[in-house]
Amino acid sequence: MSRRPRRMMNQINVVPYIDVMLVLLIIFMVATPMMTTGNVNLPSVGKAPQPPAQPIEVHLDENLQLSVVDRARKGAQTKEVSENELVGLLQDAQARNAEQPVLIAADKRVKYEAVMNLMDLLQKNQVQKVGLLVQQGKR
């Protein structure tokens, strides 16, 4: 009895794979229309009850002189003040309207330390919503 060596089969029968793919395709085609779509309830935005408050601007010039401009008042005028007057004005203004922001506008020649000292003074006296006013310009 002589045995012949078995040869390796170098072909793959893909017919069963095609049958499985067609069955899956039919299942997905039938099942897709039956799927329910999700519903997302998005929040709605109404009108703001009041426009945002106009800021109070605190100007600090290169000579470290303080001046205040209250944009909320009609005919806003620049008024020079001392540090104590400034704190009193800002506390009174925020007692009337707690949402009114305070913006510090310092000359670009003023040292950073002076601006930080002014911000520290306002923070120690519980003045809220303090920010820095900047000018957009060329770099």
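If you're wondering where the values come from, they're calculated on a predicted model, not measured in any experiment.

Enquirer: Can you break down the overall build of the chain residue by residue, with the values?
Expert: Along the chain, the regular secondary structure elements total 3 helices and 5 strands. Each helix and strand of the chain, ordered N terminal to C terminal, gives the series α-β-β-β-α-β-α-β. Residues counted as buried form 20% of the 139 residues belonging to the chain. Taking contacts inside the chain between residues at least 6 apart in sequence as the whole, the part at least 24 apart equals 57%. For the chain, the accessible area works out to roughly 12700 Å², and carbon and sulfur atoms hold 55% of it.

Enquirer: Pulling in residues and values, what's your account of the sheet that holds strand S2 (residues 66–70)?
Expert: The strands making up a sheet associate through hydrogen bonds between their backbones, and the pairing can be parallel or antiparallel. Ordered in space as S3-S2-S1-S4-S5, the 5 strands form an open sheet in which the pairing is mixed. The sheet is open, and its two borders are formed by strand S3 (79–81) and strand S5 (130–132), each paired with just one other strand. When the angles between neighbouring strand axes are averaged without regard to direction, this sheet yields 30 degrees. Examined bridge by bridge, strand S4 (residues 102–106) and S5 share 3 bridges and lie parallel to one another. Counterpart to Leu 103 in the pairing with S5 is Gly 131. The sheet contacts of helix H2 (residues 83–96) involve strand S1 (56–60), S2, S3 and S4, and relative to S3 the element is tilted by about 120 degrees.

Enquirer: Run through the nonpolar core, naming residues and quoting values.
Expert: Core analysis: the largest hydrophobic core is formed by 17 residues, its most contacted members being Val 58, Leu 60, Leu 66, Leu 86, Leu 90, Leu 118 and Leu 122. The biggest single contributor to this core is helix H3 (residues 112–124), with 4 residues. Leave out the neighbours within four places in its chain, and Val 58 touches Leu 66, Ser 67, Leu 86, Leu 90, Val 102, Leu 103, Ile 104, Ala 105 and Leu 118.

The rules behind the values
- Residues numbered from 1 in each chain as written.
- Predicted model: local features only at pLDDT ≥ 70, side-chain atom pairs only at ≥ 80, totals over all residues.
- Heavy atoms only, no water.
- Helix = DSSP H or I, 4+ residues; strand = E, 2+ residues; numbered from the N terminus.
- Buried < 20%, exposed > 50% of the residue type's maximum accessible area, 1.4 Å probe, protein only.
- Contact = heavy atoms within 4.5 Å.
- Areas by Shrake-Rupley, 256 points an atom, 1.4 Å probe, with all protein chains shown as cover.
- Pairing = 2+ DSSP bridges.
- Axes fitted to C-alpha atoms, helices over the stretch in contact; angles between N-to-C directions.
- Core = buried A, V, L, I, M, F, W, Y, C linked by side-chain atoms within 4.5 Å.

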